[in-house]
Amino acid sequence: MTTPAASTPTSEFRVDSAHTYDTSTPVRWIVSHVSRYPLLLVGFVLSTLAFAICSSLVPRIAGLAFDAVDRPDAGQALLTLSLLLMGVVFARGLADFGTINSIERLAQRLERDARSELTTSLLGKSQAFHDRQRVGDVMARAADDVRQLNLMFSPGVQLILDSLINLVTPLVFIAAIDVRMLLFPLLFVAAFAWALRRYSARLDPVSTAMREAFGHLSAGLNETIAGIELVKAAAAEPYERRRFAQNARAFRDQFVRQGDVQARYLPYLLVWLTFAATFGHGLLLLGQGSISVGELVAVIGLVGVLRGPADLSIFTFAMVQMGLAGARRTLALINEETELDENPEGYAGVMKGDIRFEDVTFTFPGAEAPTLERFTFHARPGETVAIVGQTGSGKSTLTKLVNRTFDVDSGRVLVDGIDVRDWNMESLRQQISVIEQEVFLFSRSVRDNIAFGLPGATFDQVVAAAKAAQAHGFITELPQGYDTVIGERGATLSGGQRQRLAIARALLTDPRILILDDATSAIDSATEDEIQTAINAVLKGRTSLVITHRLSQIRRADRIIMLDRSRLVDQGTHAELLERNELYQRIFQRYD
Amino acid sequence: MGFILGGLTGEEYDRNYSDAQLLRRIVGYFRPHLGKMLFVALLIALNAAALALLPVLTSRGIDGALARGAQGVEVFNANLPVLLLMVAAAGLAWTFNFLRQAITARVVGDVVLTLREDVFDAAVERDMAFYDDYSTGRVVSRVTSDTQDFSNVVTLTLGLISEVLIVAIVFVILFSINVRLALITTAITPVILGAALAFRWIARRTSRQAKRVKAEVNANIQESITGIGVAKAFRQEAALHADFERVNAEAYRLGLKQGLVLQSIFPVLGFIAGLGTVVVLYYGGSAVLAGAVTRGEWFLFAESLALFWFPLTSIASFWSQFQDGLAASERVFALMDTEPQVVQTGAEPVPELEGRIEFRNVHFAYKPGSPVLQGFDLVIPAGQTVALVGHTGAGKSSLGKLIARGYEFEKGELLIDGLDIRSFDLVSYRRQLGVVQQTPYLFTGTIRDNIRYGREDASEEQVLAAARNVAGGDWLDSLPAGLDTEISEGGRGISMGQRQLVALARVLLKDPAIVILDEATASIDPLTEAQIQEGLETVLKGRTSIVIAHRLSTVRSADRIIVLSHGRILEEGTHDELLAAGGHYAELFEAYFRHQSASYDPEGLSGPARTPRPRG
């Protein structure tokens, strides 16, 4: 049962004890999950069957009691039958508990296992994959879609199987009494199936339209309220009111349409008509002496059991549909290929930090225009290169080609003269550190966050790194110092503080190449002094690519490269660019 | 069984109404539909009667068959009227139910529509002080979900009436047949009600636990996914995985517990009902033997149990669901009834403004007891650009908010062109006011739609001209589709700097006399920053401008800098004058603006070789 995970052909991380599932289609995937627990599955089917048989036994015993009152030993027979019924009621209760216990366990395990499978698979995907995903989407899959799998079984599959069995067992019991009595119940089953299909076909589009109308209504309203200051400033209240009234009316119309479809639910009528027809049929047979009064009562009671399946809401089928859709989306994520190539045989050595881009062109998969076009530049070991350009001009993409988050389409990226694709991935990434624009910290202690990349680091090493990153001061002022937990339930830190922790984290691993996306804004100059000191500490002695908005930092860089719409338009020192580049002059126009 | 989970998401109410007040207002919304409602009530009664008739007719049929003995087709023929009645009852019950649902859907749909329009009107009329206290999400849910829950009160009540009627009719029939047997049958009532209520209590507790742990799993996954880059860079995936497995196992444990508790109500109620059947079978049979009831009546008792116990569970759940509905309507009404803080003394149409602003002894506080402005005086001549500077809480934004009339001041006067701001028709006043927020809000639509927002009458040429006049218009070139670039909700997809440029174009198109600008504190890429600065020069020229300044270049170019502290003016003048004076402004400059200079270089950070001299 425990084979190495092979759910993704290439992955950066795997769990040896993980179970292997069939990920070819959603249905097979669910089946392979469920079949891990054959006992629960068998227990569920058997107890549902037992429940249905007991349910049908109840009217049967009642019918026997009806006939028993004619017998000479009526009192004794009545008592016996009542005790028997009591036994059946007990057994039915136990079977019911059994059903719930097995299906609920199965459903919850399905959710747990699927979530675990998904998370493990996500941890194994390449960084490029994660860059493409929106966290919200992935979260929706790990939380909601996986939850849908649970609901699909409990109550979805449970109710459907329950209804099916409860549709069949009364028929079997009726047949046992008198096959002819099956006439109307069988007609009912056929009509019921037809009515249910028709109902579902009518309800589906209306429900979808209603959900959409509601989504529209609340999205529109959300916008109006979020932008209320602007609405007022623009004196646009009448316009917004018209828009809202339109949406609200559209929803009302769909609501009424849904009400109309629901009001026409036919199975209720069908089951009552079956009841009357079977009764009439039974009276006819009773007149012929084919059945006893007690048997007629039993048949009528069994027809009553059919009311259960008739109550089966269309929602149950929707639940199974939603579960399948959830499975499809989850699988799409699990099965997505990652363009990863560990290259374990590749070059691994101590990096000097020489970076060279040779005629590099890169286009995002699916994008029309290239993000970087024919891009050439060279950064020598120890140099600080500032990258300047508008949002969307390709600055971050450029840095992501160095550590192979992405691979170039044409041209080459060389580190120490070796194409990055020929480096051993592990060795390459270990010597390159990235400090992102939005620094991510884990909900752990400050100390653990700084030592994240070097779990064996001593406390002294952590403190030394924090000091160099100008973080020691504010850390000691936190309630529990280095043991303070960061995050929603812990201390909240400012952007500048988070950035300095990230710098400390990077300092501890001592990379040769540093990529710094520095968009943190300090409101006051004192904080800025500390941030600049920290940044300088981390830049020292490394090749650094710095994306920055700080004019002073741009000036101080050894070299500045200017990007404009995916092309390198100029490069040089501050003095050179100020002399010859119009765009560059425009930037500094108001400051010098 | 939604009722078990109902009421878990209760909020703090902002206002308490008595149930009578609430009901009166709810009924008020239904009054226009009174005729339909009365018809629905009639349909409910008819439906209940038809449904209760079915077992009674069956019971008659059985007795009829038994009375005549087994005599061929006669048994059937003699019971033909009963059978026809059964078919008729079934058809009628269905028809009544159909009409009831269809009419109810219309009434509820219309009432919710009216209510939503009312709440929406109330919401957009609230002043900005109100929106400080209420988040967007809360207001939206009041207009969308709470109004829907409100209608639940009605649907629920209708359902309850229908079920109570059925139970009552059956009850009466049973008692009219045999009191003793009826008492035994109905003894099941309190047991089922008690069990349903007890379950609700247990379910709420386990649900709360399960909800908490679910949130924890989600938080854990969110952290793993957001932090995956860091984990990969440092090769720490295994640590994250171990963490996740622990939380996932806990979620499974509590989720299972919750699921089992919620689901086991069905076996329990079914079991109680089953015991009821046993009792009726035994005592009913004994009564038949004693000759107290007929066999048909015995059948009726047994059948009625099924009609009985399911409605009972709904009745047990009614009260709490009803309370939830009332609570929802309370939230809706509270939103509608909030007292506005901004009160106009008149609604004078505002003439074309020059833009002279005068604060005369103005007192202002966001919260009573913590004044922001106390006897504030300031005159801004028409056309002047004023930069407000000072520490957080100095009162800079308050001045802008008062001019935009988002908040009410307590004492004093605020005069625009010498006219009392309180006497203005706010819509016509705001047409002459341009506001640029710190994080400009963009609506879904194109950049063009956004520039035109609030000036639907503007021509294509005017929009284009406004866009081109901001920083020469070259910012449009860096947008994927220029003016046709689609904006997703809230302005995601374009940078903060570009949002500001759109907001500036918007103001240009509006051509207001007064501009209030809250400068961004976020860092913006240097080229866009230069474009914004160029755009500002165009937008502020010739208008009275109040700038809450965070940018060095803005304070430098302002006509007049006002240094605020604790709601008082400490200093005023131009950048050069104030810096030379070496007072409060010089201090603020040292604290907030120094590092924005291009020649900023904290001591000893860079070697001399790296610091080329600026040109000239």
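Residues numbered from 1 in each chain as written. Chains lettered and ligands numbered in written order. Predicted model: local features only at pLDDT ≥ 70, side-chain atom pairs only at ≥ 80, totals over all residues. Heavy atoms only, no water.

As for the overall build of chain A
For the record, the criterion: Put simply, DSSP marks the helices as runs of H or I at least four residues long and the strands as runs of E at least two long, and each gets a number from the N terminus on. Throughout, the radius of gyration refers to the C-alpha atoms, and the reference size of a globule is 2.2 Å times the residue count to the power 0.38. Each residue's exposure class comes from its accessible area (1.4 Å probe, protein chains only) as a fraction of the maximum for that residue type: buried when under 20%, exposed when over 50%, partly exposed otherwise. Any two residues whose heavy atoms approach within 4.5 Å at even a single point are treated as in contact. The method behind every accessible area is Shrake-Rupley, applied with a 1.4 Å probe, and residues are considered shielded solely by the protein chains displayed. When charges are counted, Lys and Arg are positive and Asp and Glu negative, with His and the chain ends excluded. Each charge is placed at NZ for Lys, CZ for Arg, CG for Asp and CD for Glu.
Across its full length, chain A carries 22 helices and 10 strands. Taking 2.2 N^0.38 as the reference for a compact globule, 592 residues should give roughly 25 Å; the C-alpha atoms of chain A span a radius of gyration of 35 Å, well beyond that estimate. For chain A, with 592 residues in total, the buried portion stands at 58%. If you take every contact in chain A between residues at least 6 apart in sequence, the share linking residues at least 24 apart comes to 75%. Carbon and sulfur atoms make up 56% of the accessible area of chain A, which totals about 23,800 Å². With 60 positive and 66 negative side-chain charges, chain A shows a spacing of 4 Å between the two charge centroids.

Looking at the domain arrangement of chain B
For clarity, the threshold we go by: An automatic or database domain assignment is the source of the domain bounds shown.
Considered domain by domain, chain B is made up of domain 1 (2-337) and domain 2 (357-593). For domain 1 of chain B versus domain 2 of chain B, the separation of C-alpha centres amounts to 54 Å.

Structural notes on the pairing of strand S3 (residues 385-389) of chain B
Residues and elements named next belong to chain B. Short version of the rule: Pairs of strands are assigned from DSSP output, requiring at least two bridges between the strands.
Of all five residues in S3, five are buried; the element is thus mostly enclosed. By the alternation rule, side chains of S3 split into Thr-385, Ala-387 and Val-389 and Val-386 and Leu-388, which are all buried. Here S3 pairs with strand S10 (residues 544-548) via four bridges, running parallel. Note that in S10 the partner of Thr-385 across the bridge is Ser-545.

Structural notes on the nonpolar core
Basically, it comes down to this: What makes a nonpolar core is a set of buried Ala, Val, Leu, Ile, Met, Phe, Trp, Tyr and Cys residues whose side-chain atoms join them at distances within 4.5 Å.
Core analysis: the biggest nonpolar cluster contains 96 residues, and Phe188(A), Trp272(A), Phe279(A), Leu283(A), Leu286(A), Met86(B) and Trp298(B) have the highest contact counts within it. Here this core gets 10 residues from one element, more than from any other, and that element is helix H9 (residues 267-288) of chain A. Contacts of Phe279(A), omitting those with residues within four sequence positions, involve Leu296(A), Ile300(A), Thr58(B), Gly61(B), Ile62(B), Leu83(B) and Met86(B). Phe30(B), Leu113(B), Ala123(B) and Leu326(B) belong to the second-largest nonpolar core, a separate cluster that totals 89 residues.

A few points about the packing of helix H6 (residues 183-226) of chain A against helix H6 (residues 136-177) of chain B
Formally: Axis angles are defined between N-to-C directions and span 0 to 180 degrees, where every axis is a line fitted to C-alpha atoms and, for a helix, only to the segment in contact. Comment on the angle field: the value is read as roughly parallel under 35 degrees, roughly antiparallel over 145, roughly perpendicular from 65 to 115, and oblique elsewhere. By convention, the crossing between two helices is left-handed when the near helix turns anticlockwise from the far helix through less than a right angle, and right-handed when the turn is clockwise. Following the grouping adopted for this structure description, the nonpolar residues are Ala, Val, Leu, Ile, Met, Phe, Trp, Tyr, Cys and Pro, the charged ones are Asp, Glu, Lys and Arg, and the polar ones are all others, Gly among them.
Close contact between H6(A) and H6(B) brings their axes to 9 Å; oriented N to C, the two are set at 140°. With respect to H6(B), the element H6(A) is oriented oblique. In this structure, the crossing between H6(A) and H6(B) has a hand that is right-handed. Residues Phe214(A), Leu217(A), Ser218(A), Leu221(A), Asn222(A), Ile225(A) and Ala226(A) of H6(A) form the contact with H6(B), whose participating residues are Thr136(B), Val139(B), Val140(B), Val143(B) and Thr144(B). In terms of residue class, the contact of H6(A) with H6(B) is made up of eight nonpolar, four polar and no charged.

So, the pattern of salt bridges
Heads up, the rule is: Take a side-chain nitrogen of Lys or Arg and a carboxyl oxygen of Asp or Glu: if they are within 4 Å of each other, that pair is a salt bridge.
According to the stated counting rule, one finds 48 salt bridges over all chains in the structure shown. Notably, a salt bridge pairs Asp113(A) with Arg112(A), separated by 3.2 Å at the nearest N-O pair. Since its relative accessible area comes to 23%, Arg112(A) is described here as partly exposed. One salt bridge connects Glu373(A) with Arg567(A), and the closest N-O pair in it is separated by 3.2 Å. Of this pair, Glu373(A) sits in strand S2 (residues 372-379) while Arg567(A) sits in strand S10 (residues 567-572), and the two are 194 residues apart along the sequence. The class of Glu373(A) is partly exposed, set by a relative accessible area of 23%. Here the residues in one salt-bridge network are Arg356(B), Glu358(B), Arg360(B) and Glu413(B), joined through shared partners.

Some remarks on helix H10 (residues 293-305) of chain A
Note the threshold: How far a helix is expected to stretch is found by multiplying one less than its residue total by 1.5 Å.
Over its 13 residues, H10(A) runs 19 Å from end to end, which matches the ideal 18 Å to within 8%, given 1.5 Å per residue. Along H10(A), the residues that are buried comprise Val293(A), Gly294(A), Leu296(A), Val297(A), Ala298(A), Val299(A), Ile300(A), Gly301(A), Leu302(A), Val303(A), Gly304(A) and Val305(A).

Considering the interface of chain B and chain A
As a reminder of what qualifies: As used in this structure description, the phrase polar contact means that two N or O atoms lie within 3.5 Å; if the pair is within protein, one of them must be able to donate a hydrogen and the other to accept it, and residues adjacent in sequence are counted only when both atoms belong to side chains.
With 157 residues of chain B at the interface, the matching set in chain A holds 159 residues. There are nine salt bridges connecting chain B and chain A. For the interface between chain B and chain A, the tally reads 31 residue pairs in polar contact (both at pLDDT 80 or more). Broken down by class, the residue content of the side of chain B that touches chain A amounts to 76 nonpolar, 45 polar and 36 charged.

Observations regarding the side chain of Arg448(B)
Residues and elements named next belong to chain B. By the secondary structure assignment, Arg-448 is in helix H15 (residues 447-452). A residue is classified by how much of its surface remains accessible, and Arg-448, at 17% relative accessible area, is buried. Those residues in contact with Arg-448, other than ones at most four positions away along the chain, are Glu-460, Val-463, Leu-483 and Asp-484.

With respect to the sheet that holds strand S8 (residues 543-548) of chain A
All names here are of chain A. The strand order across the open sheet built from six strands is S6-S7-S8-S3-S9-S10, with neighbouring strands paired in mixed fashion. The two strands at the open ends of the sheet, each matched to only one other strand, are strand S6 (432-435) and S10. The mean angle between the axes of side-by-side strands here comes to 15°, regardless of whether they run parallel or antiparallel. Where S6 and strand S7 (residues 513-518) come together, four bridges link them in parallel fashion. Opposite Ile-432, over in S7, you have Ile-513 as the bridge partner.

Some remarks on the side chain of Glu408(B)
Residue and element names in this part refer to chain B. When you line up the elements, Glu-408 lands in the loop between helix H13 (396-403) and strand S4 (411-416). Among the polar contacts made by the side chain of Glu-408, one reaches the main-chain amide nitrogen of Val-343 at a distance of 2.9 Å. Within the local environment of Glu-408, its side chain forms a polar contact with the side chain of Arg-405, the two groups lying 3.0 Å apart. Apart from the residues within four sequence positions on either side, Glu-408 is in contact with Gln-341, Val-342, Val-343, Phe-364, Leu-402 and Arg-422.

With respect to a positive patch on the surface
All names here are of chain B. Basically, it comes down to this: Residues forming no salt bridge and having over 30% relative accessible area are the ones grouped into patches, like charges within 9 Å of each other and nonpolar side chains (Val, Leu, Ile, Met, Phe, Trp, Tyr) within 5 Å.
The grouping of Arg-205, Arg-208, Lys-211 and Lys-257 at the surface amounts to a positive patch. Relative to the assigned elements, Arg-208 resides in helix H8 (residues 188-226). We classify Arg-208 as partly exposed; its relative accessible area is 48%.

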